[in-house]
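# Notes for the structure review
So you can see what is in the structure, the chains are spelled out below.
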Amino acid sequence: MKADVSLDYQFTSSIEKVWSALTDSDTLEKWIWKNDFKPIVGHKFQFRAEPNEWWDGIVNCEVLIVDEPHTLSYTWASAGEITTVTWTLTQGEDGTTNLHLDQSGFSEATKARQGAIEGAKYAWINNGNQLEKVLAEL
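Residues numbered from 1 in each chain as written. Predicted model: local features only at pLDDT ≥ 70, side-chain atom pairs only at ≥ 80, totals over all residues. Heavy atoms only, no water.

The protein is annotated in an unreviewed UniProt entry as SRPBCC domain-containing protein from Lysinibacillus zambalensis. Check the Sequence similarities (unreviewed entry) section of the UniProt entry for the protein; it says "Belongs to the AHA1 family." (UniProt positions renumbered as here; feature names shortened; annotations may be inferred.)

Put into structure tokens, the structure is as follows:
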């Protein structure tokens, strides 16, 4: 299945540091939202953002894959849409880390309303910028 959102990030941080930023609940809060994440397959958790008039601010998730430090995947259920977020990490020969994001499974109705996918892409780009700042502080 082709991902609906596919992004690549390059970081000068080690793969271990980037993995930690993806899997440590306190660090995740700094670049995504408050959460009760644990890197355990089957663990159900939530991301909690500030609600607004269109959204309750809750994303329900379940961990699907934990292959440290290369792959992390979880469901992402919010506003009636259930997608899958997959992070893939690779270490470059120069010590940099490539972080690849795929978010797939948007419904056909959502694909028809392309704005939802564009909104997700925009949010992940902003989150990636925040992650870069967080990594610089670790």
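Once the structure has been displayed, the description carries forward.
### Considering unusual backbone geometry
At the junction of glutamate 68 and proline 69, the peptide bond is cis and its omega measures out at -10° in the coordinates. Tracing the backbone through its elements, the reader meets proline 69 in the loop between strand S4 (58–67) and strand S5 (71–78). Positive phi outside glycine occurs at alanine 79, with the angle close to 55°. When you line up the elements, alanine 79 lands in the loop between S5 and strand S6 (81–91). On the basis of relative accessible area, alanine 79 is assigned to the exposed category, the value being 72%. (Helix = DSSP H or I, 4+ residues; strand = E, 2+ residues; numbered from the N terminus. Buried < 20%, exposed > 50% of the residue type's maximum accessible area, 1.4 Å probe, protein only.)

### Considerations on the pairing of S4
The sheet contact formed by strand S3 (residues 44–48) and S4 spans five bridges and is antiparallel. Following the sheet pairing, phenylalanine 47 is matched in S4 by valine 59. Pairing between S4 and S5: five bridges, direction antiparallel. Residue pairing across strands places asparagine 60 opposite alanine 77, the latter belonging to S5. From the end of S4 to the start of S5, which pair antiparallel, there are three residues. (Pairing = 2+ DSSP bridges.)

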